[in-house]
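# Architecture at a glance
Letter by letter, the chains look like this.
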Amino acid sequence: VRRVIESDLCIIGSGITAAMVAEKVAQERTARIVVVEAGDDVVDVGSRPALRQRYIDYGESPWPHDHVEGHGADGIQSRSMLVGGQAMHWGGVTPRFSPEDFRVRSLYGVGDDWPITYDDLEPYYVEAERRIGVAGEAGPPELDPRSAPYPMPALPLSYNLVLLRAWAEKSGIPFWSQPSAKNSVDYRGRAACCRNDTCSPICPIGAKYSPDFTWRSLRGAGRVELVTRTMVRKLVVADVGASIDHAIATSRDDPSTPLELRARVFVIAAGYVWSPHLLLLSASSRYPDGLANRSGLVGRYMTGHRSVSAFVRVPVKLYPGINTQHSLVSKQFMRPRALARYVRHDLRVWEATFAQEPRLRDDNGRLMLGDDILADWRARAEQGSARLRAYYDVLPDRSSGITLDAANRNPWGDPLPRIAFRDSDASAKLRDHTEESIRRVFETMVRAGGGEILAVRPSGFQDHPVGGCRMSHDASGGVVDGWGRAHEHENLFVVGAPTCVTGGCANGTLTFCALALRAASEIGNAFPARAAAPGNGASH
Amino acid sequence: MSGISRRGFLRASAALPVIALPACEATSGAPAASASPDPALLRALAEAVLPTELGEAGTAATVAGFARWLAGYQPVAERDHGYGTGEITYTAPDPGPGWAAQLRALDLESRQRFGTGFAELELDRRRELVRASLARERATALPEPADAHTVALGLLAWFYASPAANDLCFRASIGRLTCRPLADSPEQPPPLAPGA
């Protein structure tokens, strides 16, 4: 006995890019949409305050059971697997990439260009900002080009950030409020931010966007069917032609009953690891290297951005804890013109408490108790502390990415991914130069504003990973086209992070959403237009 | 607090009874010791290690909060695993029984050395005993509360991680981790009210 679920559009994964595709298609088109999620359903919003409190008090996960036992990989950025995906505990930081990110080969002679430009994506950035609700202020137009204002006013700079902005701008570098998917006013039925300080991992009131709000709305309106605890394990191509005929899945609650998902269009929205992983798992005699993989590039060119941070003592009195997860941002170094050697990075400033935490022993190793600890803390907190951080893009080697690890299998017997990031030779050679350039920026800021650099910390961690199914003009250079459609399979799309050619030098989620919305506009062409479409859902 | 794996938890749990039970009780056939710190001893400890600026009410509130926190502790709860790691870790064994035993040991030591219980001992003497109990703590930083090896360190770590301690340090009503109007964000936090 097998179970079959039929739909027009089958979306694999329920994270933020899946939510973007589902919402746009559901609003604009008439199509039966099924969304399949391997993880559990998410707790309702009313449970969040209690879960948050246990996170604060004990460090417990505020999203219990948000992973699938036995289904992970060494080096993966997060095990989070539940309805809403990693965006259930994201920080809600939503800068755009800069136009240069899409043309690094043409402009600077490094890496690869995307098959689309910033201008191609710009309308979808606007749409993504409206759908998820971004509060922001436009930076200087030459640094922060955009065709429409943000849907909400910026989060106000905290007392600390006002002072830090004055300090930082003495260097001549302009800073502004980091755009964030956190409501500065009530928006789409969600409350305004009240500075609970735990945006990541959990906003107790839903002022920060998370995909569960979209799913609740779409499910409530009967626009999608969300199938949870169901692992899609293989895509199967039709006997004739190269279209995907169905997907094979296993329900974690009924693993002995085979499940087939049949649809006209399939969308893989499963992030940078599990999207290429599914394509590789879908190997068959006709496609021995997996689907969409004639180029051999599925799972390849995976990358992200590394960072250099500095902790700085600044000559102003700050009050840590006013709105700790908000920051200043500058794109001054994302948009260079000609460069003798390639270096691009963002720049952010936060309040911090570095070297200002209460402690048990003083500088002489003397044990302190009672009033001594408080006095010592106060003395060290007289001057403020700031954290500076720059993300810089890492240009990947072709071999950077995932392969199947036959020796390491999940509970259903499928090989798990093995992850190995590798810089391109050119990027590896630039690393010292890049990190030194960033140090000099930090030094410039401290020289101009006063204070002292207490520590500089380069990080080898590649944040906001992308790639694995990168887009390209044709099948020789990538896995999908500029719309996210697989070069080899006309009814198969991959959306979001895996399709990126480069990781940029700013948080990637808004770009992933914009790419998903651009794909959704193409996906929607397969279905009849819905009469009197309600627009992009941004009304509030 | 640092997370531990399941295997680490089992190792730590296996070791716990040895740490938690003073030898005299483990071998005397006496009734099982309480898993919770004695309130009077905990209060006496708090007076010795917390800042006097807290005052009587602030100290009492801190002790009550710490006791509530300890009572609500769940070992082997899944810890937050956020970004940057695929590792799933779990909270450590319940520190309560060990800490309760330590307090009783402080009390016993006080009676043997000074002829009076820890709670009745003058503050300087209490601090002397606490200092001795902390002598082997070499770290400068305060740990996560549940990772503290001693009850004194656990109490200090819990208090100094609290929004109340942050406010006290800066003598301002910052209210970290609490729900506050966004519109007030650009304002300098007001001074702490007297006695707050």
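Preceding block: the structure.
Presented here is a report on the structure given in the accompanying data block. Just so it is clear, the structure is predicted and the values come from calculations on it, not from any experiment.

What follows concerns helix H7 (residues 151-160) of chain B. Within H7(B), ten of the ten residues are buried, which leaves it mostly tucked inside the rest of the structure. Residues Val151(B), Ala152(B), Leu153(B), Gly154(B), Leu155(B), Leu156(B), Ala157(B), Trp158(B), Phe159(B) and Tyr160(B) constitute the buried set of H7(B). Buried residues in H7(B) make contact with helix H8 (371-380) of chain A together with helix H3 (39-49), helix H4 (55-71), helix H5 (96-114), helix H6 (123-134) and helix H8 (163-170) of chain B.

Each partner contributes residues to the interface: chain B has 61 residues there, and chain A has 58 residues. Interface area, chain B with chain A, both sides summed: about 5,000 Å², of which 58% is carbon and sulfur. The largest share of the area that chain B buries against chain A comes from Tyr83(B), Phe170(B) and Leu182(B), three residues that together contribute 16% of it. Connecting chain B to chain A are two salt bridges. Notably, a salt bridge pairs Asp197(A) with Arg180(B), separated by 2.9 Å at the nearest N-O pair. Our count for the chain B to chain A interface comes out at 29 residue pairs in polar contact (both at pLDDT 80 or more). When residues of the side of chain B that touches chain A are assigned to their parent elements, the largest contribution, five residues, is made by H8(B). Tallied by class, residues from the side of chain B that touches chain A come to 32 nonpolar, 14 polar and 15 charged.

A few words now on the sheet that holds strand S16 (residues 452-468) of chain A. Residues and elements named next belong to chain A. Spatially, the six strands line up as an open sheet ordered S4-S11-S12-S13-S10-S16, and their pairing is antiparallel. The outermost strands of the open sheet, each flanked by one partner alone, are strand S4 (176-177) and S16. As paired elements, strand S10 (residues 300-314) and S16 share ten bridges and run antiparallel to each other. If you follow His305 over to S16, its bridge partner there is Asp463.

Moving on: the sheet that holds strand S5 (residues 224-227) of chain A. Residues and elements named next belong to chain A. Strand order in the open sheet formed by five strands is S5-S3-S2-S9-S17, and the pairing between neighbours is parallel. Each end of this open sheet is capped by a strand with a single partner; those strands are S5 and strand S17 (492-494). Strand-to-strand twist across the sheet, computed as the mean angle between neighbouring axes with direction ignored, equals 20°. Of the strands in this sheet, strand S3 (33-36) and S5 are in contact with helix H6 (residues 211-220), which crosses S5 at around 120°.

Residue and element names in this part refer to chain A. Taken together, the four bridges between strand S1 (residues 3-6) and strand S8 (residues 254-262) define a ladder with parallel strand orientation. Considered in S8, the bridge of Glu6 is made with Arg262. Where strand S7 (residues 244-251) meets S8, five bridges bridge the pair, whose relative direction is antiparallel. Following the sheet pairing, Ala247 is matched in S8 by Leu261. Connecting the antiparallel pair S7 and S8 is a turn made up of two residues.

A word on the packing of helix H1 (residues 16-28) of chain A against helix H4 (residues 118-132) of chain A. Residue and element names in this part refer to chain A. Contact geometry for H1 and H4: axes closest at 12 Å, N-to-C directions at 95°. Relative to H4, the element H1 lies roughly perpendicular. The segment H1 lies against H4, with Met20, Glu23, Lys24, Gln27 and Glu28 engaging Glu127, Arg131 and Ile132. Partitioned by chemical class, the residues of the contact of H1 with H4 number two nonpolar, one polar and five charged.

Here the focus is the pattern of salt bridges. All names here are of chain A. The final tally for this structure, using the stated rule, is 49 salt bridges over all chains. Residues Arg54 and Glu60 are paired through a salt bridge, measuring 2.8 Å at the closest nitrogen-oxygen approach. Classification of Arg54 by relative accessible area gives partly exposed; the value is 25%. Exposure remark for Glu60: the relative accessible area of 10% places this residue in the buried category. Residues Arg131 and Glu127 are paired through a salt bridge, measuring 3.0 Å at the closest nitrogen-oxygen approach. Of the two residues, Arg131 and Glu127 both sit in helix H4, four residues apart, roughly one turn of that helix. By relative accessible area, Arg131 is classed as buried at 1%.

Quick look at the state of the cysteines now. Under the definition given, this model contains one disulfide over all chains. Here Cys194(A) pairs with Cys179(B) through a disulfide, and the sulfurs are 2.3 Å apart. Around the S-S axis, the bridge from Cys194(A) to Cys179(B) shows a dihedral of about -115° and counts as left-handed. With Cys194(A) in the loop between S4 and H6 and Cys179(B) in the segment after H8, this residue pair bridges two chains. Of all cysteine sulfurs, the one in Cys469(A) lies closest to Cys500(A), which takes part in no disulfide; the gap is 11 Å. Since its relative accessible area comes to 0%, Cys500(A) is described here as buried.

This brings us to helix H5 (residues 159-169) of chain A. Since the α-helix packs 3.6 residues into each turn, any two residues three or four apart lie on the same face. Buried within H5(A) we find Tyr159(A), Asn160(A), Leu161(A), Leu164(A), Trp167(A) and Ala168(A). On the buried face of H5(A), the contacting elements are S10, strand S11 (328-330), strand S12 (347-351), strand S13 (384-393) and helix H9 (425-449) of chain A.

Residue and element names in this part refer to chain B. Direction vectors running N to C along H3 and H6 enclose 95°, while the axes themselves pass 9 Å from each other. Taken as axis vectors, H3 and H6 run roughly perpendicular relative to one another. Taking contact as the criterion, the partners of Ala44, Leu45, Glu47, Ala48 and Val49 in H3 are, on H6, Leu123, Arg126, Arg127 and Val130. Tallied by class, the residues present in the contact of H3 with H6 amount to six nonpolar, no polar and three charged.

Moving on to the pairing of S12(A). All names here are of chain A. S12 sits mainly inside the fold: five of its five residues count as buried. Residues of S12 alternate between two faces, with Leu347, Val349 and Glu351 on one and Arg348 and Trp350 on the opposite face, all of them buried. Pairing between S12 and S13: four bridges, direction antiparallel. Counterpart to Arg348 in the pairing with S13 is Arg389.

Conventions used here
Residues numbered from 1 in each chain as written. Chains lettered and ligands numbered in written order. Predicted model: local features only at pLDDT ≥ 70, side-chain atom pairs only at ≥ 80, totals over all residues. Heavy atoms only, no water. Buried < 20%, exposed > 50% of the residue type's maximum accessible area, 1.4 Å probe, protein only. Helix = DSSP H or I, 4+ residues; strand = E, 2+ residues; numbered from the N terminus. Contact = heavy atoms within 4.5 Å. Buried area = accessible area lost by both parts, 1.4 Å probe. Salt bridge = Lys/Arg side-chain N within 4 Å of Asp/Glu carboxyl O. Polar contact = N/O pair within 3.5 Å; in protein donor to acceptor, adjacent residues only side chain to side chain. Nonpolar A, V, L, I, M, F, W, Y, C, P; charged D, E, K, R; others polar. Pairing = 2+ DSSP bridges. Axes fitted to C-alpha atoms, helices over the stretch in contact; angles between N-to-C directions. Parallel < 35°, antiparallel > 145°, perpendicular 65-115°, else oblique. Disulfide = S-S within 2.5 Å.

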